[in-house]
Each structure stands twice: as C-alpha cells, then as structure tokens.
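# Examination of the molecular architecture
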Amino acid sequence: MDFLHKVKEEAVKYMTVAELDSPETLTPEETAARLIEDGADVISRRDLGDNLDDDEFFYGLGGVTREHVSAGRVYQDVETFTDVMRFTGRIEYNPSHPVFDRFVELNAMLDGRATACQILPAPGALLIRVLDLSNWIPSTIYPASEHLAADIAAAYNATLAQLYALGCRNVLLNNTAARAIENQAFLDRLLIAGIDPKMFLEDVERMNEEAFKGLPADLTIVRE
C-alpha cells in the first residue's frame, strides 16, 4: 500500500456518513444517477461538478492559445505565474474542441434517462475577455480586430452546429454581456473607454444573432 493510498484510507475512517455521501465524494456517474432518482430531467456537467470553465472553452477554439508567464520584468502588464490568452491567428471553429467529446460522454452517461445540457460561456464573454486584455484596444493583440465580433460569431455558430449534430438539443450560455454590465466595475470600464453601454449591448446582440443564425429550430439556447 503506497503512502497516499494509506492517507486517504485513514481519512475515510474519520468522515461522517453525510460526508461519505456528499457530492464531493460521488463519481459523476453516481451524481447523475442521484439527480435522476430525485427527478432531474435535464442535467449538465456543471450539475456533476466538472464543467469546463470559460478559459478552458476559449483555449479550445482555433487561434487561441494559453501562455504561462513564469518570469517578469518591471512595469509589465501581466502578473507572473499566471496564464494569459494569446492569439496565433483569428478565432475560429476547432473540430477537435474538447467540448465535443465531453458532451458525447455526458449524453452516453445519461443514456436517455435525462436530457444532456451543454453549458458554454456566451459569445459576449469572449468579446469582453479580448477587450479587457487589450485595454479596450483589440488591435493591439488581435490580428484582425475589425473582424473580431464576426470571428467569434462564426466560431460559436459552427460549434453549436456540431454540438447539435452530436445530439445536443439544450444549450445554456452563461456570463452574458447583459449580466456583465450589471456589474458597476465593468460599467465603469466601459465608460472610461468612451463606450456607450447601450450601443455596446446592441453590438453584442448583433454578434449573437450571427452566432445563432441558421441553427436548427429545435436547438434550445437559453442565456443565463
């Protein structure tokens, strides 16, 4: 018996019954079974405790990469020992995005006992991330800033279409621009950059329309 296994075994001795049966100690399959038993008819990976966070989804798109900053210099804008989004080209659809395999696994796990729901960060969340990274001057970091919104919309449109082809019929988009603008700190950043909040939301909505254009009518997309 290795040391780590023994430590875990000893820890279990002192866990209460409630702790042993808590979501943190259940496998995703066990959690799904429990939710279904409790009457859940729509289940996402967030419900199972292993949803991709926003950055993991963004890094899975074409043209987006993660750079780990392990050293620094005086006055640099990026903190050391952090991951930073960089662009190797324009943002685009990636047919090998990990979200596809993860959805297939979830759908197979539920096996018709409940509907699989895919959670994604909203298109506006990626736009805001690029704007924040560039201090609201995207041309400083994005290779074709005039096409930024269109590139995001096209990448999302193709991603959603592929999810549909894999059997997905329910998508929840979170961290929307409308939700972000409710935050006073974000609203202040917009105003300091000279951007009218109402016009910004209108621009994001036009991007969303392109992102959802031509998708099947029975693909339900809810914005959180």
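Residues numbered from 1 in each chain as written. Predicted model: local features only at pLDDT ≥ 70, side-chain atom pairs only at ≥ 80, totals over all residues. Heavy atoms only, no water.

## Considering the environment of I91
Locating I91 in the fold gives a position in strand β3 (residues 82–92). Given the relative accessible area of 4%, I91 is considered buried. When the C-alpha atoms of I91 and A144 are compared, they prove to be 9.6 Å apart, with 53 residues separating the residues in sequence. In this structure, I91 is in contact with L61, G62, V64, L126, Y142, L148, D151, I152 and A155, ignoring residues within four places of it in sequence. (Helix = DSSP H or I, 4+ residues; strand = E, 2+ residues; numbered from the N terminus. Buried < 20%, exposed > 50% of the residue type's maximum accessible area, 1.4 Å probe, protein only. Contact = heavy atoms within 4.5 Å.)

## Examining the sheet that holds strand β5 (residues 170–174)
With parallel pairing, the four strands of this open sheet are ordered in space as β1-β4-β5-β6. Of all strands in the sheet, those bounded by a partner on one side alone are β1 (42–44) and β6 (220–223). Across the sheet, the mean angle separating the axes of adjacent strands is 30 degrees when strand polarity is ignored. As judged from the three bridges shared by β1 and strand β4 (residues 115–121), these two strands associate in the parallel manner. Its bridge partner being in β4, I43 is matched across the sheet by A116. (Pairing = 2+ DSSP bridges. Axes fitted to C-alpha atoms, helices over the stretch in contact; angles between N-to-C directions.)

## What to know about the nonpolar core
Nonpolar side chains in soluble globular proteins tend to be buried together. If you look at the biggest cluster of nonpolar residues, it comprises 53 residues, and the most contacted ones within it are I91, L110, L120, L126, L127, I152 and F200. In terms of residue count, helix α7 (residues 148–165) provides more of this core than any other element does, eight residues in total. Contact partners of L110, with chain neighbours within four places excluded, come to A32, I36, I43, T115 and A116. (Core = buried A, V, L, I, M, F, W, Y, C linked by side-chain atoms within 4.5 Å.)

## Some details on the packing of aromatic side chains
Scanning the model with the defined rule gives seven aromatic pairs in all. Taken together, a centroid distance of 5.9 Å and an interplanar angle of 45 degrees make the contact between W136 and F186 tilted. Linking W136 in the loop between α6 (123–133) and α7 with F186 in helix α9 (residues 184–192), this pair joins segments that are 50 residues apart in sequence. There is no split in this pair, since W136 and F186 are both buried. Through a chain of ring-to-ring contacts, the aromatic side chains of F57, F58 and Y156 assemble into a single cluster. Its guanidinium or amino end placed over the ring of Y164, R169 lies 3.6 Å from that ring's centre, counting from NZ or CZ. (Phe/Tyr/Trp six-rings, centres within 6.5 Å; stacked < 30°, edge-to-face > 60°. Lys NZ or Arg CZ within 6 Å of the ring centre and 35° of its normal.)

## A few points about the side chain of D54
By the element assignment, D54 lies in helix α4 (residues 54–59). This buried residue, D54, is left without a salt bridge; R129 holds the nearest opposite charge, at 4.8 Å. At 2.7 Å, the side chain of D54 forms a polar contact with the side chain of N175. In this view, D54 contacts P121, R129, N174 and N175; residues no more than four positions away in its chain are not counted. (Lys, Arg positive; Asp, Glu negative; His and termini not counted. Salt bridge = Lys/Arg side-chain N within 4 Å of Asp/Glu carboxyl O. Polar contact = N/O pair within 3.5 Å; in protein donor to acceptor, adjacent residues only side chain to side chain.)

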